[in-house]
Amino acid sequence: MEGKASLLDNMIGVGDMVLLEPLSEDSFLENLKKRFDHNEIYTYIGSVVISVNPYRSLPIYTPEKVEEYRNRNFYELSPHIYALADEAYRSLRDQDKDQCILITGESGAGKTEASKLVMSYVAAVCGKGQEVNKVKEQLLQSNPVLEAFGNAKTVRNDNSSRFGKYMDIEFDFKGDPLGGVISNYLLEKSRVVKQPRGERNFHVFYQLLSGASDETLKKLKLDRDVSKYNYLCLDSASVSGVDDAANFRTVRNAMQIVGFMEDEVQSVLQLVAAVLKLGNIEFKPEFVFLTLVVFTDLKEMCELLGIEQSVLERAFSYRTVEAKSEKVSTTLNVAQAYYARDALAKNLYSRLFSWMVTRINGSIKVGPFSVVMGVLDIYGFEIFEDNSFEQFIINYCNEKLQQIFIELTLREEQEEYIREGIEWTNIEYFNNAVICDLMENNQNGILAMLDEECLRPGTVTDETFLDKLNTICAEHQHFESRLSKNSKFLTDHSLPHNCFRIQHYAGKVLYRVEGFVDKNNDLLYRDLSQAMYKANHNLIKQLFPEGSPAKINLKRPPTAGFQFKASVGTLMRNLQTKNPNYIRCIKPNDKKASHIFTESLVCHQVRYLGLMENVRVRRAGYAFRQAYEACLERYKMLCKKTWPHWKGPLFFLEERRRQCLQDLAALIQKIYRGWKCRRQFLLMKKSQVVVAAWYRRYAQEKKYKKIKHATTVMQSYARGWQARKLLRQLKHQKRCEEAATTIAAYWHGTQVKQEDLQLHSPENSKQDFFFFLRIQKYFLNLRKNLPSMSPIDKSWPTRPYSFLDGVHTELRRIFHLWRCKKYRSQFTEEKKAVYEEKLEASELFKDKKALYPSSVSQSFKGDYLEINKNPKYQKLHSAVDEKVLLADTISKINRANGKVGGGNLLVLSLVVLADQKTGQVKASVPLLDLASVSVSKQSDGFFALKLKEGSASAVKGDFLLSSERLIEIITKLYRLSAANAERVPLSVDISDEFLVQFKNDKVCVKFIQGSPRNGNSASCKRKNNRLLEVSVPSTP
Ligand SMILES: Nc1ncnc2c1ncn2[C@@H]1O[C@H](COP(=O)(O)OP(=O)(O)OP(=O)(O)O)[C@@H](O)[C@H]1O
Ligand SMILES: [Mg+2]
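Residues numbered from 1 in each chain as written. Chains lettered and ligands numbered in written order. Predicted model: local features only at pLDDT ≥ 70, side-chain atom pairs only at ≥ 80, totals over all residues. Heavy atoms only, no water.

Novice: Outline the coordination of the magnesium ion (ligand 2), listing residues and values.
Specialist: Distances from the magnesium ion (ligand 2) to its protein donors, Thr112 (OG1) and Ser161 (OG), fall within 1.9 to 2.0 Å. Placement of the pair is Thr112 in helix H4 (residues 111–125) and Ser161 in strand E5 (residues 160–161), with a sequence separation of 49 residues. The burial state of Thr112 is the same as that of Ser161; both residues are buried. (Donors = N, O, S within 2.8 Å, 3.2 Å for Na, K, Ca; no water. Helix = DSSP H or I, 4+ residues; strand = E, 2+ residues; numbered from the N terminus. Buried < 20%, exposed > 50% of the residue type's maximum accessible area, 1.4 Å probe, protein only.)

Next comes the structure, spelled out in structure tokens:
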């Protein structure tokens, strides 16, 4: 496996200046430059990180880089700000040590960027979760909001912090961020009303004008044109590479995330707009009163803030001084009015800024927390052409920070070695405590002088202040003034009369005294605060509480210098309680350009930051130091000798502690692994039980089915055997019963025989004789009285004895049968045929048709016309070559009207219909074409010959005929069809209503009983094409 890259592998130059050989200022600068040229902007001095501003974005802040540096030892990877952030965070999380990140360097050196990098790294590596992420997001998003309102473009830096910021990020015991508190230090509010050449007002003004929608601007009564506002400097309204409009959207979004409500955002924007409007108000002297020249802006501003215009006008015209019970109002001149206007604008803006910080703190406020990481990003040391009170304050703050650095890294460490008796060669360094003293000393410090001057009765001007300085501080080696007693500056023309110069640790700065007194007083006329308080605007009211009539306080408020000194003092004390982590920012050039490394500029910074001395102390000193007490407190539980009370020196404590921690970790791991294995085991066991249960069930089911099958087989065999046994028994029983029956039969036979023998014994013979006599007499009588041989004779002699009842009836039946047989035997063949016909007619019509009884006595003659003999019918006879069964005159019913037409002949063999007079054949129907015959139940002679559908004869339709010999005709037809083997016997339908087919019509022939119109014969009438009605005389 490839070995891990050490700090020295592939390192550009030397990563840690402590290892630099030979150590000199030149080699130090050369190393910095070499690394800078290779984009290595971070270099260590022990645990201090030097950061050189690259002035361009480098690909070294990616999430992958964060992961790379996460939980890695400080020296394991190449120098990076992430390594310092990780070290601080881990020390905070694992050792519960409060941390502070001190970022120093001059304006534009990259402090703000560094602080954001530290915060984003900590946010990335600390715990996650919905709530934690929200906190992180709020902490990070507070930056753009504060930068918009507190940063501005200066000649040194396009995004220069014009306020000091110290942010405490608070964590719980797990290292998850809970929230934070931001402290802000003196905003450079003079920038609101005036900016030096080449600089801008605070970003927010430009962002609002270019980024807000037209609608928003209209609401705020603003114009997008920057040139319309006196407070906005025109010569650098836009900054190259900065998109104010996009930044405005970012800020609005950030405000929302941080927790500003929509109405709060609107109020803030209204105040920003009001400041711009305020700048446009102009004054002109006119008699006694001042005249406000630009009315529209004043009017609009009053509308925006909900202030009555007259109230504000008055506040700009008068100044009321209250002393005890007296109130004196004086009229303001033009200059005073302008002064009042600017003072109001500055106060409005700076109070708004402080309110915003408080509001953000309200959102990111914290519950109980365990440890804190403070990030200090304060305005950097700055030297302008024209330096005023603000620069004095800023540089004072930087002096104090430098002092902390010197104290902790140079002085204390060296003193400690000497105290400990360790051989030590003293390293010289410049201690700026003396400059701090010049500035802050309570008796004769510059700030104290200023306060004294401000509070002093009488005429106080900046000049009187300078005079005071000239007398008190003249002797100080770091104070320079033209009028001081120190004669060496009397001829120094670089030092104007109205200025004083301080030799700061970072260089000499010339301060112009003009405005010092005013700025320190930071006075806002009471009339203005009262006017503001009267505004119908919640936020304004909150910003000017002293305007409330209930709060009239005649005491002077503390001066700006005093307040700042106090808050810096608190900050320093706060920082001293925490474990410091230093980031020393260096500015490589004055052009804000990348790739340029101006050695002289960097050398100057290296010198005043005391970096060389820092390296020397680090090289000479120990790599790791810890105070005895802290060390003992941390490790005493490891050993009996130190627990509970320490009695002697101990070594390798760190190693022992690590070992102990390892053992504990192993124990925790052991328990955890055991728990995990057991959980796994229980899970497996549970699964196994389930699987086994299923398998057992399956096996058991299989076994059960096998046993069931075997049992069924055995049962069937056993039942079969039982059944066969039973059968055998039953068979045996049956045979036994049969045998018993046979025996019983024989036995009974024997018995009967014996009885018979007894019966035919002589006594019984006597009785039989009389019996036989009676029987004899009966038969003889019967012979004498036998009835005639006519089969229709129904007489029969009476029976003499009742016991002969059955015999008598049987004999009558036998006699009748015999008599009939005798009668039949006399018949000739012809007569037989006639009777057969008559029998057939009886079977067809008896009790079915009323005409039948009249036909019984008629003989069925058949050929009534004798057509073979009659020459008239010769032609007809020749047409019918077969034997003629019947020839008779019949009537044919007209299909159209139902009239009965006489004079037709019917010849049966074929069915031939011929004309009576001529013998001409009218229709001839083969027997096979006849389907059925329909007749009525009445005494009429109507009959319909129905033809088979589709046959040749059926073209004209069925025949409806009438004849008195209907019974004979139909009987003969029937017999003829029955004799024909090719067809089934003709069907004879007897009904009073039947259908006949006339050509295409189906006509219903209906028979009704009625009084005949034509004598006794039936009449027929076609009612309609569906109905033919036959009226039949009612049978008596
Ligand atoms: N690590 C970095 N990477 C890229 N650019 C950087 C980096 N640090 C600083 N810069 C650039 O330098 C500019 C100035 O940095 P920054 O605002 O942090 O300076 P500062 O020390 O806070 O100055 P001031 O004291 O005026 O507030 C930034 O706007 C940015 O363009
Ligand atoms: Mg800054």
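Novice: Any chance you could break down the side chain of Lys972 for me, citing the residues and the numbers?
Specialist: One can find Lys972 in helix H31 (residues 966–979). At 2.9 Å, the side chain of Lys972 and the side chain of Glu837 are in polar contact. (Polar contact = N/O pair within 3.5 Å; in protein donor to acceptor, adjacent residues only side chain to side chain.)

Novice: I'd like a rundown of the site of ligand 1, residues and numbers included.
Specialist: The environment of ligand 1 is made up of 19 residues, and the closest members are Ser107, Lys111, Thr112, Ser160 and Ser161. Ser107 places a side-chain nitrogen or oxygen 2.7 Å from an oxygen atom of ligand 1. Gly110 places a polar main-chain atom, nitrogen or oxygen, 3.0 Å from an oxygen atom of ligand 1. The fraction of the free accessible surface of ligand 1 (630 Å²) that becomes covered by protein chains is 87%. Counting residues per element, the shell around ligand 1 draws most heavily on H4, which supplies three residues. (Near = heavy atom within 4 Å. Areas by Shrake-Rupley, 256 points an atom, 1.4 Å probe, with all protein chains shown as cover.)

Novice: Help me get a handle on the pattern of salt bridges, residues and values and all.
Specialist: The final tally for this structure, using the stated rule, is 55 salt bridges. Among the salt bridges present, the one from Lys972 reaches Glu837, with a minimum N-O distance of 2.9 Å. With Lys972 in helix H31 and Glu837 in helix H28 (residues 829–845), the pair connects residues that are 135 residues apart, well separated along the chain. No difference in accessibility class separates Lys972 from Glu837, as the two residues are buried. Several salt bridges converge on common partners, so that one network encompasses Arg162, Glu188, Arg191, Glu199 and Glu382. (Salt bridge = Lys/Arg side-chain N within 4 Å of Asp/Glu carboxyl O.)

Novice: An account of the state of the cysteines is needed here, citing residue identities and associated values.
Specialist: Applying the stated criterion to the full structure yields zero disulfides. No disulfide involves Cys100; its nearest neighbouring cysteine sulfur is the one of Cys397, lying 14 Å away. (Disulfide = S-S within 2.5 Å.)

Novice: Any chance you could break down the pairing of strand E6 (residues 164–171) for me, citing the residues and the numbers?
Specialist: Burial analysis of E6 places eight of its eight residues in the buried class, which makes it a mostly covered element. Both faces of E6 are covered, namely the face carrying Gly164, Tyr166, Asp168 and Glu170 and the face carrying Lys165, Met167, Ile169 and Phe171. Here E6 hands over to strand E7 (residues 177–185) after five residues, with Gly175 in that stretch at a positive phi of 95 degrees. Sheet topology note: the E6/strand E12 (residues 371–377) ladder contains seven bridges and is antiparallel. Across the sheet, residue Asp168 finds its bridge partner in E12, namely Gly374. (Pairing = 2+ DSSP bridges.)

Novice: Requested: an account of unusual backbone geometry, with residues and values cited.
Specialist: Backbone phi values are negative for most residues with the exception of glycine, while trans is the configuration of most peptide bonds. Of note, the bond from Glu21 into Pro22 is cis; its omega dihedral lies within 30 degrees of zero at -15 degrees. Of note, the phi angle at Asp96 is positive, near 55 degrees, even though the residue is not glycine. Structurally, the position occupied by Asp96 is in the loop between helix H3 (81–95) and strand E3 (99–104). Unlike most non-glycine residues, Asp847 shows phi in positive territory, near 65 degrees. As for its placement among the helices and strands, Asp847 is situated in the loop between H28 and helix H29 (852–856). Of the residues examined, Asp847 reaches a relative accessible area of 76% and is grouped as exposed.

Novice: Give a description of the nonpolar core that names residues and reports values.
Specialist: Residues Phe28, Phe149 and Phe500 are the most contacted members of the largest nonpolar core, which totals 183 residues. Here this core takes 14 residues from helix H13 (residues 334–363), the largest share from any one element. The contacts of Phe28, once residues within four sequence positions are left out, are Met17, Leu20, Ile45, Ile50, Val606, Leu611, Met612 and Val615. Formed by 29 residues, the second largest nonpolar core is a distinct cluster that contains Val925, Phe943, Leu961 and Tyr974. (Core = buried A, V, L, I, M, F, W, Y, C linked by side-chain atoms within 4.5 Å. Contact = heavy atoms within 4.5 Å.)

Novice: Quick one: what's the story with the UniProt feature "binding site: ATP" (unreviewed entry) in the protein, residue by residue and with numbers?
Specialist: Under the local residue numbering, the UniProt record ascribes the feature "binding site: ATP" (unreviewed entry) to Gly105, Glu106, Ser107, Gly108, Ala109, Gly110, Lys111 and Thr112. Classification of Glu106 as buried rests on a relative accessible area of 9%. With respect to the element layout, Gly108 can be found in the loop between E3 and H4. The buried category is assigned to Gly108, whose relative accessible area is 5%. (UniProt positions renumbered as here; feature names shortened; annotations may be inferred.)

Novice: Requested: an account of the side chain of His476, with residues and values cited.
Specialist: Along the polypeptide, His476 turns up in the loop between helix H17 (462–472) and strand E13 (479–481). Within the structure, His476 has its side chain in polar contact with the backbone oxygen of Val434 (distance 3.4 Å). Setting aside its immediate chain neighbours within four residues, His476 contacts Val434 and Leu438.

Novice: So what's going on with the sheet that holds E7? Residues and values would help.
Specialist: Each strand in a sheet pairs with its neighbour through backbone hydrogen bonds, running either in the same direction (parallel) or in the opposite one (antiparallel). Taken in spatial order, the seven strands make up an open sheet running E1-E2-E16-E3-E12-E6-E7, and their pairing is mixed. Each edge of the open sheet is held by one strand with a lone partner, namely strand E1 (42–45) and E7. Strand-to-strand twist in this sheet, taken as the mean axis angle between neighbours without regard to direction, amounts to 20 degrees. Judged from the four bridges that link them, E1 and strand E2 (residues 48–52) form a sheet pairing that is antiparallel. Across the sheet, Tyr44 pairs through a bridge with Val49, a residue of E2. Packed onto the sheet, H3 meets E1, E2, E3, E6, E12 and strand E16 (579–586) and runs at close to 170 degrees relative to E16. (Axes fitted to C-alpha atoms, helices over the stretch in contact; angles between N-to-C directions.)

Novice: Now, about a nonpolar patch on the surface: what can you tell me, with residues and values included?
Specialist: Taken together, the side chains of Leu661, Leu664, Leu667, Ile668 and Ile671 present a nonpolar region at the surface, about 480 Å² in accessible area. Along the chain, the position of Leu661 falls in helix H25 (residues 653–759). Classification of Leu661 as partly exposed rests on a relative accessible area of 43%. (Patch = residues over 30% accessible without salt bridge, like charges linked within 9 Å, V, L, I, M, F, W, Y side chains within 5 Å.)

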